[in-house]
Amino acid sequence: MIVSSTQACDWANISPRNSVHKEEGEHASGFTGAKVRLIGRFDLSREGRPRVTWPGSSLEFRFEGVSASIGIASSDRVRFLVEVDGRESDLFVTPGERVYRLASGLETGRHSIKVVRLSQSFAGITAFTSDPVVQAKLLTPPTSPARRVLVLGDSITAGYGVEGESESCGYSIETSNPLKTYASLAAKALDADLHIIA
């Protein structure tokens, strides 16, 4: 059960996943989307800057090499999950436009990366400002599953406080996670892409 409350959680006592970091001096060219797969709700009205606010929306790609980065612009601090070959890390995007390192020091070979927005829609607008920058080459993106699930919901669907210490936690970007909700679990069981409006 999730209860709305103004009481804050003690994030310091929650063990976070490993985090990924921004690359201060690195530059990337614009976003074409030619070798990536966008999943969920994106605003594509501005060429070269797919914008997103809905939780659970994601970008997925495959590549050869040992490292990968991507350009992201954000209006506020927003939390993403980065999954590299099944291993998860947190990425906290800060206001402004920067290039963020998604993976480094990987074994030479083929890898897959998925970048998922975890923060709720009111947390700010984020946009991908470049295609993935990889050490060797981008590969054909993963194939889309046969099914898609659209879920219209509220803060429960968005995972409000689901990673908090107790049901009395208030909202924070550190404890909100749509990937741990009934919507995400149902989509995973159906082998379907998930589109959340919440």
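It should be noted that the structure appears before, not after, this text.
Reading guide: rules and limits
Residues numbered from 1 in each chain as written. Predicted model: local features only at pLDDT ≥ 70, side-chain atom pairs only at ≥ 80, totals over all residues. Heavy atoms only, no water. Buried < 20%, exposed > 50% of the residue type's maximum accessible area, 1.4 Å probe, protein only. Helix = DSSP H or I, 4+ residues; strand = E, 2+ residues; numbered from the N terminus. Arc of directions from axis to C-beta. Contact = heavy atoms within 4.5 Å. Phe/Tyr/Trp six-rings, centres within 6.5 Å; stacked < 30°, edge-to-face > 60°.

**Here we look at helix α1 (residues 182–189)**
Taken residue by residue, α1 has A183, S184 and A187 as its buried positions. Buried residues of α1, seen end-on, are gathered within an arc of 95° and therefore sit on one face of the element. Among the exposed residues of α1, those pointing more than 90 degrees away from its buried face are L185 and A189. Tucked into the core, α1 has its buried residues touching β13 (147–152) and β14 (192–197).

**Re the environment of A34**
As for its placement among the helices and strands, A34 is situated in the loop between β1 (22–23) and β2 (37–39). Put simply, A34 and T140 are 106 residues apart on the chain and 8.7 Å apart in space, counted from C-alpha to C-alpha.

**A look at the packing of aromatic side chains**
Scanning the entire structure with this criterion turns up 5 aromatic pairs. Ring centres of F42 and F128 lie 6.4 Å apart, and the angle between their planes is 35°; this geometry places the pair in the tilted category. Remark: F128 occurs in strand β10 (residues 126–128) and F42 occurs in the loop between β2 and β3 (51–52); sequence separation between them is 86 residues. Arranged with centres 5.9 Å apart and planes meeting at 40°, the rings of F61 and F63 form a pair that is tilted. Summarising the burial analysis for this pair, F61 and F63 share the class buried.

In short, geometric facts, not functional conclusions.
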